[in-house]
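# Inside the fold
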Amino acid sequence: MRKQLKLRLRNISIEKRLAYAFFLLSLIPILFVGMLSTTIAKHSIIEKSTNYIVQLMDAVEDNLQNKLKGYEGFLNELMVNSLVQRSFQVDDIATNADKAKMNNQINDMLITKMSSYPYIRDMKMINLGGEVIYQRGYLLNDDTHIKSIVNSINHIGGGVQCFKQSIYGEDYIVLSKKINSVYTQKEVGYIVLIIKEDAVRIIYEEIDLGKGANVYLVDNNQQIISSQYEVEEDIFSEKLLQSYKESRKQGKEYFEYVEGKNHYTVVGGSIKTFGIECIATIPNDHFLTEIKEMQRNVVGIIIICFFLSIVSSKIICKSIIDPLKKLKGYISSAMEDKFNTVYIDDSPDELGMLGRNYVQITNEMHEMIQKIARDEKERRELELNMLQAQINPHFLFNTLNSLRWIAMMSGADSVSEGILALSDLLKNTIIQKAQYITIANELENVKNYILIQKLRYGDSFKLDLHVDKGLMNYNTLKFILQPIVENAIIHGIRLDESLLTISISIKEEKEGLFIEVNDDGKGFDITQMEGSEGKDIRLSGIGINNVIDRIRINFGEPYGVQINSQIGEGTQVKLYIPKLGEV
């Protein structure tokens, strides 16, 4: 799997891979952090906002309770008032005149008290028979309304009752309390206050819980007695009230409510004294306003980071790709121009180091190519010199054979032997085209050359050979010892014609052969060993420098020739060549 992935990645350009990697490494963390921070912020905002709304609703409940407590205090004050108590006691026996007098006295008593309760629209005192024995206002003149209120009071029971009542198409809040006789402690009737809804709405109507939020006051009959805004029946339903009751049983201060596609947070509390539930519904969109704003900011930041990552990735990719393209172009041109190109990159980074290292390699290869070209040119020149130094072999051998037979017929044995040696020498050097010959054949050429030279110099020099056992069959370059021996004769023979000794030793050492040619002649100046004096008397145009060049070209380092000569003491030439088998 990993191998396949690597192969697929290698099919994509480095520039694209760098861009993809940069995008992934920059955008993924930004997206992750953005989503994580948004989620954390969402929960934090919802929690803080919900806690704030809970505290706000607690304050609303306290204010409502205080407001209703005021009305309850007013009811309690009336309930123990002597005039109110008397009005319930004399109801069966009093005359109409007495009733009128009693109503006037109660009116006088209520004038100052009612001024503190401007939202009271009607007040009734009703006996147990449902008969109104006192009224202040005209909303409950209909017996149907009175019976409905009495039924509600009896149904709810308890102390102070608070419920909703529709009167002539308008909704009011009814506060009522049963009255017991202070004398007999028996129940004698009811006191009923008809209050405008504004009395309680004023407490929470200015509260801003967000768009779509609403506050409801619900009585024991699960009727809405007041709300901040118009009731939305699709939201406030029996399902919501059931969920609210269950959450209150579980001790929750708020809960999540879903209606269709809409999500709400419901916060509520009870005013138990009056049997009222204060419920607030807040759309979750209100909580998410800040989150959406933050999400927009995060998206904006991500977009900005995206474009910044594109720009920065292009800059970074360009800083990597351009040197690579430049280096690639340099490599291509170097291959076409045989590494004779120019590349400059002084950057201290890895690409700059790579480019400089490659330039160093190409410079070395260029120098090597030039060196090879020079060597090839020198080799061709050497081969040309060899060709120029050659004589037509057929003409030469026919002539030499004729001369040899004449010498033999004339009894000139030394001349015959000299001609035979010359014939063998030229045969090995001219007729045989092989570049390599055995050491035995090379030494045989030297012996033939010595025999020829003795025709001229007589016995003024001698040759000593010292060859380690088993080395005769190794191969060497042809014609590398004869020029050295020739040089020893030319520069070694003394004027007093004393005997010149030339010794050749061949030894094996590691992977090579050491060949040493020594003479005890007069010596010479090394810088003059290829001078004009020698050229006129040489066997061919091949000299020691030719030997040096051929060993260097054919074998390279560490093989070569070392020459030491001192005037009056002799000359030493050392050759180091590789051990070559059959070539």
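Reading the values: rules and limits
Residues numbered from 1 in each chain as written. Predicted model: local features only at pLDDT ≥ 70, side-chain atom pairs only at ≥ 80, totals over all residues. Heavy atoms only, no water. Buried < 20%, exposed > 50% of the residue type's maximum accessible area, 1.4 Å probe, protein only. Helix = DSSP H or I, 4+ residues; strand = E, 2+ residues; numbered from the N terminus. Pairing = 2+ DSSP bridges. pLDDT = per-residue confidence, 0-100. Contact = heavy atoms within 4.5 Å. Salt bridge = Lys/Arg side-chain N within 4 Å of Asp/Glu carboxyl O. Phe/Tyr/Trp six-rings, centres within 6.5 Å; stacked < 30°, edge-to-face > 60°. Core = buried A, V, L, I, M, F, W, Y, C linked by side-chain atoms within 4.5 Å. Polar contact = N/O pair within 3.5 Å; in protein donor to acceptor, adjacent residues only side chain to side chain. Axes fitted to C-alpha atoms, helices over the stretch in contact; angles between N-to-C directions. Parallel < 35°, antiparallel > 145°, perpendicular 65-115°, else oblique. Left-handed = near helix turned anticlockwise from the far one by under 90°. Nonpolar A, V, L, I, M, F, W, Y, C, P; charged D, E, K, R; others polar.

Quick look at the pairing of strand 10 (residues 276-283) now. Taking burial as the measure, the eight residues of strand 10 include seven buried ones, the bulk of the element. Pairing geometry for strand 6 (residues 214-218) and strand 10, over five bridges, is antiparallel. Note on strand 10: the bridge partner recorded for Leu 217 is Cys 278. Relative to strand 10, strand 9 (residues 262-271) runs antiparallel, the two being bridged by eight bridges.

Per-residue pLDDT for the protein chain has a mean of 79; in total, 82% of the residues score no lower than 70. Mean pLDDT values for the elements of the protein chain range from 43 in helix 14 (residues 532-535) up to 94 in strand 15 (residues 512-519). Here residues 531-541 is a poorly scored stretch, pLDDT under 50, and it has 20 contacts once near neighbours within four places are set aside; other chains count.

Now for the pattern of salt bridges. Within the structure shown, the criterion is met by twelve salt bridges. Between Asp 122 and Lys 124 there is a salt bridge, with the nearest N and O atoms lying 2.5 Å from each other. Summarising the burial analysis for this pair, Asp 122 and Lys 124 share the class buried. Note that Arg 552 is salt-bridged to Asp 375, the shortest N-O span being 3.1 Å.

This paragraph deals with the packing of aromatic side chains. All chains considered together, the criterion is met by seven aromatic pairs. Ring geometry for Tyr 71 against Tyr 117: centres 5.4 Å apart, planes inclined by 45°, an arrangement best described as tilted. In this pair, Tyr 71 is assigned in helix 2 (residues 14-79) and Tyr 117 in the loop between helix 4 (96-114) and strand 1 (120-127), connecting sequence segments 46 residues apart.

This part is about the nonpolar core. Core analysis: the biggest nonpolar cluster contains 49 residues, and Phe 74, Leu 110, Met 125, Leu 175 and Leu 193 have the highest contact counts within it. Ranked by residue count, the leading element in this core is helix 2, at eleven residues. The contact partners of Leu 175, leaving out residues within four places of it in the chain, are Leu 68, Tyr 71, Leu 75, Val 160, Gln 161, Cys 162, Ile 191, Val 192, Leu 193, Ile 195 and Phe 274. Grouped together as the second largest cluster of nonpolar side chains are 34 residues, Leu 500, Leu 513, Phe 555 and Leu 575 included.

Turning to helix 3 (residues 82-89), a few remarks are in order. Taken residue by residue, helix 3 has Leu 83, Val 84, Gln 85, Ser 87 and Phe 88 as its buried positions. Capping the start of helix 3 is the job of one residue whose side-chain oxygen sits 2.9 Å from the backbone nitrogen of Leu 83: Asn 81.

Across the sheet, which stays open at both edges, the five strands sit in the order 12-14-15-17-16 with mixed pairing between neighbours. The strands lining the two open edges of the sheet, one partner per strand, are strand 12 (461-467) and strand 16 (560-566). The mean angle between the axes of side-by-side strands here comes to 10°, regardless of whether they run parallel or antiparallel. Note: strand 15 against strand 17 (residues 570-578), eight bridges, orientation antiparallel. The partner of Asp 519 across the bridge, within strand 17, is Thr 571. Running over the sheet, helix 12 (residues 439-457) touches strand 12, strand 14 (500-509) and strand 15 and is turned about 170° from strand 12.

Attention now goes to the environment of Thr 273. Relative to the helices and strands, Thr 273 is located in the loop between strand 9 and strand 10. Overall, Thr 273 belongs to the partly exposed group, its relative accessible area being 34%. In the structure, Thr 273 is positioned 205 residues away from Leu 68 in sequence and 9.2 Å away in space, judged by C-alpha atoms. Beyond its immediate sequence surroundings of up to four residues, Thr 273 is in contact with Gln 65, Lys 69, Glu 72 and Val 160.

Across the interface, helix 3 lies against helix 4 with an axial gap of 10 Å and an inter-helix angle of 155°. With respect to helix 4, the element helix 3 is oriented roughly antiparallel. Every pair of crossing elements has a handedness; the one defined by helix 3 and helix 4 is left-handed. Together, Leu 83, Val 84, Arg 86 and Ser 87 of helix 3 and Met 102, Gln 105, Ile 106 and Met 109 of helix 4 make up the contact between the two elements. Taken together, the residues of the contact of helix 3 with helix 4 sort by class into five nonpolar, two polar and one charged.

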